[in-house]
Amino acid sequence: MTQPLALPEDDHDGLFADSEEMELSFGPQHPATHGVLRLKLKINGERIVESYPVIGYLHRGTEKLFELHPFFQNIPHTDRMDYVAAATNNQAYVGAVEKLLGLVVPPRARCIRIILAELQRISSHLLWLATHAIDIGAMTPFFYTFREREILLDLFEDYCGARLTLNCMRPGGLPYDLPVGWTGRCAALMADLPGKLDEYEELLTNNRIWKKRTVGIGVLPPEVAIDYGVTGPMLRGSGVRWDLRKALPYDGYDEVEFEVPIGRNGDTYDRYIVRMIEMRQSVRIINQCLEKLPEGPIMAKRPRVMKAGKDAEIYHGIEGPKGEIGFYIVGDGTPNPYRCHVRPPSFINLQSLPELCKGALIADLVALIGTTDIVLGEVDR
Amino acid sequence: MSDEPAPEKPAPEKPAAEKPVPEKPVKKHEPEDPNKPLWEKDPVAPAWLDGADDPLTAALKEEVGDAIEAARSFAGDLTFLVRRDAIARTCAVLKEKHGFTYLVDLCGADYPKREPRFDVVYQLHRFSDQRRIRLRVMTDEATPVPTVCGVWRAANWPEREVWDMFGVRFEGHPDMTRILLWEGFNGFPLRKDFPVEGIDTGSAIYPEFYREGAGPVAGSGTGWKPPKPPQEPS
Amino acid sequence: MTSLIESVRTTVGDTLFYGAVSPLVKILVLLFLMILPLIAYLTLAERRILGFMQARLGPNRVGPWGLLQPIADVAKLLVKGDSIPLRAVKWAFVLAPCLVVGPAILVFAVIPLGPRAEAGGLSWFVTDINTGLLFVVATASIGVYGLILGGWSSNNKFSLMGGLRSAAQMISYEVPQGLALVGPVLLAGTLSMVGIVEAQKADRFWYVFPQIVGFFLYLVAGVAETNRNPFDLPEAESELVAGFHTEYSGMRFALFFLGEYANMIVISAVATTLFLGGWLRPFPNVEALAFLDPVPGVIWFALKVFVFLFLYIWFRGTFPRYRFDQLMDLGWKWMIPVALGNLALTALVKLLVA
């Protein structure tokens, strides 16, 4: 159990206190905290004795905003939570609304949703790899991954006009069909991507320094990971073969073939490998979907005004790039959700950070922040 | 948003107002073709079902007795209404005996018209058969809910968030402090009576500069006055 | 040129000429026509080369191919606001950048860019003292005080940690670096930088061949000494924000920057002198390559230095960063024993051969 730290708020003079330990405020303006995370650290030399995350700097009251708007107008709010994985946020939200209203998504829309979600997973993982590598001091993968991510974002732009805040799904289906030639461009990128992934791995996977910095760092045993509610690649890196795409298939994930990689030791290196394999599996899923892309409508029949039933409440979670992103929605018979709660994967995963960095060094801390793959927009909502 | 249906209020312009008139009867009176694919049929919203005959309900009632006040299911998710003081015990039983080792989510909800007004909702997951259930606890502002931090460490931050957003306290929580807002924030923003345009936070942060209610107000002046600050935790 | 030198020499007299005029002119030429422009353009080269390695362009807007970029950078840094933190220890804060850049440039005094003077000319070095190498090692090690002082006086915990890291790192790596330098000294039998190159000429091989282990040790230790990737822990951006120079801005920051690049050039120049035969052409013992002789020595020297500098940049584009304890492990558990073994072996061979 993390005990509360009684750190003084103004610790300017903590430096010369009698204690052996130094108090360090790591962030919120720090290049390695991926936004505005603040960690109160107690360090002994370079070793971290205690850490206490302070969050909320990016809190925008998204859950309050959800209550103000009709169901379909809330989709843009979901974009802005995990702003590097908007498509999966959309998918989770519209999935929840569909479950609430009993909408059935047509097969073509489901297939395109899978493609979009997997593209988003790749783009999110590419961004993670870039920042993770640059945290550990490898500068070059950053530019390589951004090169590919750029093409990926171009695909999104072609589809829905936006690159990050996509707003690309609707309850019951999709807003637009794929533009002409999109599948060809997507397939070309998918043919290209495995080679590019090899390129990144060549720089990192067998690099001695990379291994020294990641192997055995931040070990999270499976039972501890489950206890902390950690999901996504973090959980799989610890060796738990659990992926919502397999466990509770949604949007037709049971119709595509893919494998769920797991790690052996639960350390930072395993999580790195898991994410690298996940990108390859995503390529595999997208290729299958492009191949079998069915014809037909992209929007289900749905009421003109979407109203949830009185007292209706559902929870729907999907496998986002960072873990399970879920929505708990309560309806009250109006077109607005009465209560819409988000289960943000970054928030729950970040909770395990003090456990991960017990006894680690400052340099490990940045590697561990990188490996938890947090987006503060989602942590703080 | 061009493809989205307008919200239910009637369109103000004349030509637009004419449009729905011919559409509506078509939708109502055409008989449903039974062979149509599901997505072309009218959606059937799920409804509440009784969950009393679920084996889990029976087993749980056996083990924790009257802690389970109701069991219903909606869209396949079994929901137990649990007595407040028995929640930690129920969770422990669910974890130890029924394999719900994973706390997916914990959140609050506010129903100001109801007594007691708050819900705390727990989503649990069982890995063996991928089963999900939901627990609900009702509470009010004054009564704390027993923490489940001892059952799952995952509950730590979500419980802090519920305290932060709703002002529901958790008994036995190791670190019952605000998480997203700062200590001393005046109010609980996800309560239904909290104004969307924000409140005067100035007096809370800079009491030496602003009288209570005299600081800068977010949004346009709505004349809203902050309520009395909540009871300080003893 | 020669006649100009001759006329100046006859005007001021030999003593004054060799004692003051010639060194002064050389220092000015070295500083303002060689080192400072080299540092400035090294930054540009680094950015362009890294850009090439990282599938991007690098600066290419100021002037043709971005050639005026360094000048624009210097102009920006000169006019930029220069702030000193309120609680900083002011004198140390101001002194620190000077302590970094001064010694780094001072070392060039004894580095021979070319051979001794032939009759009526000037030598290609400012001075040749018989303890030249000792001077290099001693002077270069002053630089660490700048980093420690800068880190400590900023009154910033990240800076302090950067300063501590740099102290530990530079002092640790000075040991294998010094030990690696003793190899060539043993072979040459002199500490004079010019003497070592001349000994390589006399021995008719570069000392990199018998001292290959020492060469690599020196290379790695040199990278660590200059705080460059993969040993850039004192200023590790993602960990310590910018380490010891977090609080520096404007020209004071530029001085730190200057010091780092000057140190890179110093390490490269010393490695060139000791291991790669200084101004000598490749394979000084192979007669078939005699057609290379007309190329001035300084060109060979510059080429070899550039190879090292390119290596530095290449490292930066390739490696992640070591962790602090791993860095210490590498230094104390691997490099020092290997350096000692190399030294003992060299001494033994020298003894047996002589």
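Residues numbered from 1 in each chain as written. Chains lettered and ligands numbered in written order. Predicted model: local features only at pLDDT ≥ 70, side-chain atom pairs only at ≥ 80, totals over all residues.

### Overview of the domain arrangement of chain C
Residues and elements named next belong to chain C.
Line of reasoning, step 1. According to the domain assignment, chain C contains domain 1 (1–79) and domain 2 (82–353).
Line of reasoning, step 2. Between domain 1 and domain 2, the C-alpha centre-to-centre distance is 20 Å.
Line of reasoning, step 3. Facing 21 residues of domain 1, the contacting portion of domain 2 comprises 19 residues.
Line of reasoning, step 4. Only α1 (2–12), α2 (14–53) and α3 (69–79) provide two or more residues apiece to the side of domain 1 that touches domain 2.
Line of reasoning, step 5. Top contributing element to the side of domain 1 that touches domain 2 by residue count: α2, with 15 residues.
Line of reasoning, step 6. Of the residues belonging to the side of domain 1 that touches domain 2, the class tally is 14 nonpolar, four polar and three charged. (Domains from an automatic or database assignment. Contact = placed C-beta atoms within 7 Å. Helix = DSSP H or I, 4+ residues; strand = E, 2+ residues; numbered from the N terminus. Nonpolar A, V, L, I, M, F, W, Y, C, P; charged D, E, K, R; others polar.)

### Side note on the domain arrangement of chain B
Accessible area lost upon the coming together of the parts serves often as the stated size of an interface.
All names here are of chain B.
Line of reasoning, step 1. What the domain assignment reports for chain B is domain 1 (46–175) and domain 2 (181–219).
Line of reasoning, step 2. Facing the six residues of domain 1 at the interface are seven residues of domain 2.
Line of reasoning, step 3. With three residues, the top contributor of residues to the side of domain 1 that touches domain 2 is helix α5 (residues 156–166).
Line of reasoning, step 4. Residues belonging to the side of domain 1 that touches domain 2 are distributed by class as follows: three nonpolar, one polar and two charged.

### Focus on the pairing of strand β4 (residues 310–320) of chain A
All names here are of chain A.
Line of reasoning, step 1. Counting buried residues along β4, nine of its 11 residues qualify, which places the element largely inside the surrounding structure.
Line of reasoning, step 2. In this structure, β4 lies alongside strand β5 (residues 323–332), joined through nine bridges in antiparallel fashion. When the bridges of β5 are listed, Lys310 appears paired with Asp332.
Line of reasoning, step 3. Here β4 hands over to β5 after two residues, the two strands then running antiparallel side by side. (Buried ≥ 20, exposed ≤ 12 C-beta atoms within 10 Å, placed from the backbone. Pairing = 2+ DSSP bridges.)

### Focus on the interface of chain C and chain A
Line of reasoning, step 1. Taken together, the contact pairs 23 residues of chain C with 28 residues of chain A.
Line of reasoning, step 2. Elements with a contribution of two residues or more to the side of chain C that touches chain A: α10 (237–240), α12 (297–318) and α13 (324–353) of chain C.
Line of reasoning, step 3. Residues that form the side of chain C that touches chain A fall into these classes: nine nonpolar, six polar and eight charged.

### Notes on the packing of helix α4 (residues 90–106) of chain C against helix α11 (residues 250–275) of chain C
Residues and elements named next belong to chain C.
Line of reasoning, step 1. Taken N-terminus to C-terminus, the directions of α4 and α11 make an angle of 30 degrees; their axes are 8 Å apart at the nearest point. In terms of orientation, α4 lies roughly parallel with respect to α11. Relative to α11, α4 is oriented so that their crossing is left-handed. Here Pro97, Cys98, Val100, Val101, Ala104 and Ile105 of α4 come into contact with α11, specifically with Arg252, Leu255, Phe256, Leu258, Gly259, Ala262, Asn263 and Val266.
Line of reasoning, step 2. Here the residues of the contact of α4 with α11 are counted per class, giving 11 nonpolar, two polar and one charged. (Axes fitted to C-alpha atoms, helices over the stretch in contact; angles between N-to-C directions. Parallel < 35°, antiparallel > 145°, perpendicular 65-115°, else oblique. Left-handed = near helix turned anticlockwise from the far one by under 90°.)

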